[in-house]
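What follows is the residue order along each chain.
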Amino acid sequence: MSLPVLAGDFDGWYFKFLSVERKIAGETRSEHGKVVGAFTGTASGEISADGRSFTEKFEYLYMPEEHHVKEKLLWIKGEDGVFRATAELPDGNKFFCELTVKDENHYQLKTTFEDGRTCETNAELKEDGVLHAVDTAKDEEGNIIFTLKYTKT
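Rules used throughout
- Residues numbered from 1 in each chain as written.
- Predicted model: local features only at pLDDT ≥ 70, side-chain atom pairs only at ≥ 80, totals over all residues.
- Heavy atoms only, no water.
- Pairing = 2+ DSSP bridges.
- Helix = DSSP H or I, 4+ residues; strand = E, 2+ residues; numbered from the N terminus.
- Phe/Tyr/Trp six-rings, centres within 6.5 Å; stacked < 30°, edge-to-face > 60°.
- Buried < 20%, exposed > 50% of the residue type's maximum accessible area, 1.4 Å probe, protein only.
- Lys NZ or Arg CZ within 6 Å of the ring centre and 35° of its normal.

Peer 1: Which parts of the structure should I look at to understand the pairing of strand 8 (residues 118-125)?
Peer 2: As a general feature of sheets, a regular strand has side chains that alternate between the two faces. As paired strands, strand 7 (residues 106-113) and strand 8 are joined by 7 bridges and run antiparallel to one another. Residue pairing across strands places Thr111 opposite Cys119, the latter belonging to strand 8. If you look at the hairpin formed by strand 7 and strand 8, you'll find 4 residues sitting between the two strands, and Gly116 has a positive phi there, around 100°. Where strand 8 lies against strand 9 (residues 131-138), 8 bridges are found, and the strand directions are antiparallel. Bridging from a neighbouring strand, Leu125 pairs with Leu131 of strand 9.

Peer 1: When you look at the packing of aromatic side chains in this model, what are you seeing that I'm missing?
Peer 2: Evaluated as defined, the whole model comprises 15 aromatic pairs. Aromatic side chains Phe10 and Phe83 sit 5.6 Å apart centroid to centroid with 40° between the ring planes, which places their arrangement in the tilted category. With Phe10 in the segment before helix 1 (13-18) and Phe83 in strand 5 (residues 83-88), this residue pair connects regions lying 73 residues apart in the sequence. You'll find Phe10 and Phe83 in the same group, each marked buried. Taking 5.2 Å as the distance between ring centres and 35° as the angle between the ring planes, the aromatic pair formed by Phe39 and Tyr62 counts as tilted. One end of the pair, Phe39, is in strand 2 (residues 35-47); the other, Tyr62, is in strand 3 (residues 54-63), and 23 residues separate them in sequence. A residue is classified by how much of its surface remains accessible, and Phe39, at 2% relative accessible area, is buried. Counting every residue linked through ring pairs, the aromatic cluster contains Phe10, Trp13, Tyr14, Phe15, Phe54, Phe83 and Tyr107. In this arrangement the basic side chain of Arg22 is found over the ring face of Phe17, its NZ or CZ atom lying 3.9 Å from the centre.

Here you go:
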């Protein structure tokens, strides 16, 4: 598979990977690890004309509740090498993201919500070109609410 060439701050594997639309499929697990649902969706992105930001778009459908999520993140690289984005959920709750792209195939993402909840993502791009990720969502006290295990292909 060929990937588009990106430049500047967004010349890393993560942004090249997302510059092509990706299918997402996974499962939701309770705080005790029991599978309680599934989700599917897509993710994609593109670099701005001036090369200073990267827009990531994603859309998910969570089952069994049929909860639909559609968001857009505008990534900007900080002087410390960490990429940051801010967005707002339809209910008005803002969230803040910090993305650290590791070596040639790992990334970590920490999302913090205004209400104190967090979600930490650890992901790895495998040799077969499939990205495997685990999100761990926690409440304000740090207790695990649920985990998401998914792939992007």
